[in-house]
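Chain by chain, the residues:
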Amino acid sequence: MLNHIVIMGRLARDPELRHTQSGTPVATFRLAVDRDFKDKNTGERQTDWIDVVAWRGTGEFVSRYFTRGRMAVVEGRLQMREWTDKEGNRRTTAEVVADSVYFGDSKREVDGQGSYSSGYGNSGYGGQQGGGYGRPAAPAAPTADYGIPSGSDQFAELADDDGDLPF
């Protein structure tokens, strides 16, 4: 079965970071996501307000780098959660559990007032894959030995270079 969702919108408020009793970080935030079509009666686009939950490193990342008004791209799954309100009524909430959260705009689009101009950037964070904040994971080590030391950022002389080009 497939439960995969990708949404893009602006944060309606600053993310709220909490910790469970066991110390696991969890951030909650709401995205304002415009629909792709206009209402035929009013001629305006409708906005959906979607609740998002981000756990562990992804939640810490969101709470640290995202603020109200910032464009975010969220990849994850849709989850239905049941709860009881103050009057004892059973309620159901739909929310997106984020696997990855990416920037939908770039830092260059931020002015001195902290507001954002329209446009889409390319920067992002792939959630839990890198385990850190901002720096992408190191590329995998080469599978064949070409005379380059494994994990080295330096170039190395090829030991069996005969000077002949391979093409």
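Everything that follows concerns the structure shown earlier in this document.
Source: prediction; values computed, not measured.

Student: Please explain the overall build of the protein chain as it appears in this structure.
Tutor: Summing up its helical and strand segments, the protein chain has one helix and six strands in all. The buried share of the protein chain, taken over its 167 residues, is 26%. Across the protein chain, every contact between residues at least 6 apart in sequence was considered, and the portion connecting residues at least 24 apart equals 55%. Summed over its atoms, the accessible surface of the protein chain is roughly 12400 Å², and 49% of this surface lies on carbon and sulfur atoms.

Student: So what exactly am I meant to see when it comes to the pairing of strand E3 (residues 25-38) here?
Tutor: Look at any regular strand and the pattern is simple: side chains alternate between the two faces of the sheet. Strand direction decides the pairing type here: strand E1 (residues 5-11) and E3, joined by two bridges, are antiparallel. Each bridged residue has a counterpart across the sheet, and for arginine 10 the counterpart in E3 is alanine 32. Looking at chain direction, strand E2 (residues 16-19) and E3 are connected through four bridges and run antiparallel. Considered in E3, the bridge of histidine 19 is made with proline 25.

Student: Sorry, what's going on with the pairing of E1 here?
Tutor: Bridge count between E1 and strand E5 (residues 71-84): six bridges; the pairing is antiparallel. Pairing of valine 6 across the sheet is with glutamate 75, part of E5.

Student: What's the story with helix H1 (residues 56-65) in this structure? I'm lost.
Tutor: Along an α-helix, a turn takes 3.6 residues, which lines up residues three or four apart on a common side. Residues Gly57, Thr58, Gly59, Phe61 and Val62 constitute the buried set of H1. Residues of H1 that are buried make contact with E2, E3, strand E4 (45-55) and strand E6 (90-103).

Student: It is not clear to me how the side chain of aspartate 85 should be interpreted in this structure. Could you clarify?
Tutor: When you line up the elements, aspartate 85 lands in the loop between E5 and E6. By relative accessible area, aspartate 85 is classed as buried at 12%. At 2.7 Å, the side chain of aspartate 85 and the backbone nitrogen of asparagine 89 are in polar contact.

Here is what the cut-offs are and how they apply
Residues numbered from 1 in each chain as written. Predicted model: local features only at pLDDT ≥ 70, side-chain atom pairs only at ≥ 80, totals over all residues. Heavy atoms only, no water. Helix = DSSP H or I, 4+ residues; strand = E, 2+ residues; numbered from the N terminus. Buried < 20%, exposed > 50% of the residue type's maximum accessible area, 1.4 Å probe, protein only. Contact = heavy atoms within 4.5 Å. Areas by Shrake-Rupley, 256 points an atom, 1.4 Å probe, with all protein chains shown as cover. Pairing = 2+ DSSP bridges. Polar contact = N/O pair within 3.5 Å; in protein donor to acceptor, adjacent residues only side chain to side chain.

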